[in-house]
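# Examination of the molecular architecture
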Amino acid sequence: MKNNRYRNTIGLPVLTAVLILCGAVLLAALSVVVNKNRITALAEQQRQVEQEMKLLNFEIVSLGRKVDLLLDGARVQPILQSKGTWLQKLSPDARAIIHLKPIPTATAVVQSAEATLP
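Numbers given to residues run from 1 along each chain, matching the order in which its sequence is written. Owing to the predicted nature of the model, reporting of local features is limited to residues with pLDDT of at least 70; listing and counting of side-chain atom pairs is limited to 80 or more, with chain, interface and lining totals taken over all residues. By convention in this description, side-chain values take in all heavy atoms of the structure and omit both hydrogens and water.

## Things to note about the overall build of the protein chain
In terms of regular secondary structure, the protein chain is built from three helices and zero strands. For the purposes of this entry, the term helix denotes a DSSP run of H or I that reaches at least four residues, the term strand denotes a run of E that reaches at least two, and both are numbered from the N terminus. Order of helices (α) and strands (β) in the protein chain, N terminus to C terminus: α-α-α. The buried share of the protein chain, taken over its 118 residues, is 1%. Within the structure as shown, the protein chain displays about 12,000 Å² of accessible surface, and the carbon and sulfur contribution to it stands at 66%. Each residue gets one of three labels from its accessible area relative to the maximum for its type: buried under 20%, exposed over 50%, partly exposed in between, using a 1.4 Å probe on protein chains only. The method behind every accessible area is Shrake-Rupley, applied with a 1.4 Å probe, and residues are considered shielded solely by the protein chains displayed.

Structure follows, in structure tokens:
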């Protein structure tokens with residue numbers, strides 16, 4: 001009966017260590033796969049957002065062109081004049097559209113302030 005005796009040298013502690021090691025390797029591999037899938041999904045979302053941004057920018061440019069065509073001065077000016085606004089035609093050789101009063105210099109302000117003091 002001694003010949004039929006079980007002679008496997010792998011004991012329970014070695015088997016447990018091998019199973020824990022295999023489990024750790026599997027978990028590490030699974031985490032790598034999950035992270036790569038997450039990065040791929042984020043990249044796809046970014047591509048979609050960039051594509052939407054391109055489409056929206058194209059739409060903004062086309063709407064800007066449409067507004068420029070519709071709000072041409074030759075079309076808008078008669079409408080505003082008929083409504084009774086103070087719109088005046090701009091001369092092409094005018095250097096400025098709005099004329100502002102010059103700002104007084106700092107010495108003039110101080111002198112006028114000293115003159116008003118008793």
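## Some thoughts on the pattern of salt bridges
Two side chains bearing opposite charge may form a pair once their charged atoms approach each other closely. Salt bridge, as applied in this entry: a Lys or Arg side-chain nitrogen positioned within 4 Å of an Asp or Glu carboxyl oxygen. Scanning all chains against the criterion turns up one salt bridge. With a closest N to O distance of 2.8 Å, Arg-47 and Glu-44 form a salt bridge. Here Glu-44 and Arg-47 lie together in helix H1 (residues 12-70), a separation of three residues that amounts to about one turn. By relative accessible area, Glu-44 is classed as partly exposed at 39%.

## Some thoughts on a nonpolar patch on the surface
Patch membership requires over 30% relative accessible area and the absence of a salt bridge. Like charges are linked within 9 Å, and nonpolar side chains (Val, Leu, Ile, Met, Phe, Trp, Tyr) within 5 Å. On the surface, a cluster of nonpolar side chains totalling about 590 Å² of accessible area is made up of Ile-10, Leu-12, Val-14, Leu-15, Val-18 and Leu-19. Mapped onto the elements, Leu-15 comes out in helix H1. Among the residues examined, Leu-15 registers a relative accessible area of 43% and is labelled partly exposed.

## Points about the confidence of the model for the protein chain
One confidence number per residue, pLDDT, is output by the predictor and ranges from 0 to 100. Per-residue confidence for the protein chain gives a mean pLDDT of 82; residues scoring 70 or more make up 75%. Within the protein chain, H1 carries the highest mean pLDDT (94), whereas helix H3 (residues 106-116) carries the lowest (66).

## A look at the UniProt feature "transmembrane region" (unreviewed entry) in the protein chain
Per the UniProt record, "transmembrane region" (unreviewed entry) is found at residues 12-34. Between the end C-alpha atoms of residues 12-34 the distance is 33 Å, and the span holds 100% helix and 0% strand. UniProt positions are given in the numbering used here, feature names are shortened, and annotations may be inferred rather than shown by experiment.

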